[in-house]
Amino acid sequence: MTTIWAPQVVVPGRVLSNARVTCADGRLVDVAADAARDADIILPSGVLVPGLVDLQVNGYYGADFADATPEQWAQITQRLPETGVTAFAPTFITEPVEAAVEALRRTASALPALPGGAEVLGVHLEGPFLSERRRGAHNSAYLRDPDPDAVEALLDAAPGLVRIVTLAPERRGGMDAVRRLAEAGVLVSIGHSDALGEQVYAAADAGARMVTHLFNAQRPLHHREPGVVGAALSDRRLTAGLVVDLHHVNAEACRIAFASAPGRIALVTDAAAPAGMPPGRYELGGEPVVLEPGQPVRREDGTIASSSLALDEGIANAVGIGIDLHTAVEAATRIPADLVGRADLGRIEVGARADLVWLAPDLRAVSTWIRGVVAHGEGRWLA
């Protein structure tokens, strides 16, 4: 049994001051306000938050998940806790269905051998069922309709591994695909889509529950046509991923999103191979991307392709533009955990898994625990 005391602890609904958290057998067994600084671990500053949950990670530390080696998988899962992430959805962008099937099978083989670290929640397939008009950095040659054979091939490649699918519901067969994927327990996310508002609402009727990287690569809000953005903000069934690197979406738009959809914004990084790496040339989906200082990851033609954002940095950015601490933390913890049906993650409450992160006053991760065991940092500080 281990007790951690912190000057601030983010719990469901509020931020506790001077509180202690007790872990045993990988679970949280007690959470209480207690001004006495008497615990196994005393955090002298900052805030204790739940382990961060990222639902869109294309790659990290120089590797792209779609073709990562077992060694690269191990490196990323072991190092993501450096950013506070304790659970995540590796994301494969558009490629031929046959290639995606092979990537899923390779992933299924690699996962059992991982030596611990951040939990893989399941794969997020971002494509190939996307709109040519809103393809962003995706390869148009591989975009296609979600016909039943393609959908079943992806579901059957590694049963249970596909956790999220981003698609454009306006494509031929799109609504049927939403229904089939939702029936299979997959979280369907609307993205890279030119859908009208009514089509987005119809997709929500069919089982869609998320919108991928709000504002980016989707029909925008118009005062006579809500588009994907307006539907995402107005439909309470939908939670929107948001990349708060302040390049994909500027500060004012981020504030509008949080104000318009309280409790329905999930911070994501959309990170790719350049994340955690120095500026240079890397690959995303088998094609070159470039990271320059102070810039998002881009294709060679200048198209934003992903980010080099860390999720703790996303929280810090959100707070820096005026989002309150509790709201920003929940957007990177409980809200994404709930989206994928993991009520044991993303919260500091009795019974939840003891995934915890100590954020310094600048809101960057100092130490991370997974199931109560130190995954990053030394794990013990005395005032």
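As a reminder, the structure under discussion sits directly above these lines.
Notes on the structure follow. It should be emphasised that the depicted structure is a prediction, and the values quoted were computed from it without experimental measurement.

### A look at the nonpolar core
- Within the largest apolar cluster, 90 residues are counted, with the highest numbers of intra-cluster contacts made by Tyr60, Phe92, Leu104, Leu214 and Leu242.
- For this core, the leading source of residues is helix α2 (residues 97-110), giving 6 residues.
- Not counting chain neighbours up to four residues away, the residues in contact with Phe92 comprise Phe65, Ala66, Trp73, Ala103, Leu104, Thr107, Val123, His124, Leu125 and Glu126.
- If you look at the next biggest cluster of nonpolar residues, it comprises 18 residues, including Val11, Leu16, Ala19 and Leu28.

### Notes on the packing of aromatic side chains
- On inspection of all chains with the given rule, the structure shows 3 aromatic pairs.
- Ring centres of Phe65 and Trp73 lie 4.6 Å apart, and the angle between their planes is 40 degrees; on these two criteria the pair is classed as tilted.
- Plain terms: the ring middles of Phe65 and Phe88 are 5.6 Å apart, the flat faces sit at 25 degrees to each other, and that makes the pair stacked. Taken together, the residues Phe65 in the loop between β8 (63-64) and α1 (70-79) and Phe88 in strand β9 (residues 85-93) connect sequence positions 23 residues apart. Each member of the pair, Phe65 as well as Phe88, carries the same accessibility label: buried.

### Concerning the packing of helix α4 (residues 174-183) against helix α5 (residues 197-206)
- Running from N to C, α4 and α5 point in directions that differ by 30 degrees, and their axes come no closer than 8 Å. Classified by the angle between their axes, α4 and α5 sit roughly parallel to one another. Considering only the axes of α4 and α5, their crossing is right-handed. Of the residues in α5, those touching α4 at Met175, Val178, Arg179 and Ala182 are Gln199, Ala202, Ala203 and Ala206.
- Class assignment for the residues of the contact of α4 with α5 results in 6 nonpolar, 1 polar and 1 charged.

Definitions and cut-offs
- Residues numbered from 1 in each chain as written.
- Predicted model: local features only at pLDDT ≥ 70, side-chain atom pairs only at ≥ 80, totals over all residues.
- Heavy atoms only, no water.
- Core = buried A, V, L, I, M, F, W, Y, C linked by side-chain atoms within 4.5 Å.
- Buried < 20%, exposed > 50% of the residue type's maximum accessible area, 1.4 Å probe, protein only.
- Helix = DSSP H or I, 4+ residues; strand = E, 2+ residues; numbered from the N terminus.
- Contact = heavy atoms within 4.5 Å.
- Phe/Tyr/Trp six-rings, centres within 6.5 Å; stacked < 30°, edge-to-face > 60°.
- Axes fitted to C-alpha atoms, helices over the stretch in contact; angles between N-to-C directions.
- Parallel < 35°, antiparallel > 145°, perpendicular 65-115°, else oblique.
- Left-handed = near helix turned anticlockwise from the far one by under 90°.
- Nonpolar A, V, L, I, M, F, W, Y, C, P; charged D, E, K, R; others polar.

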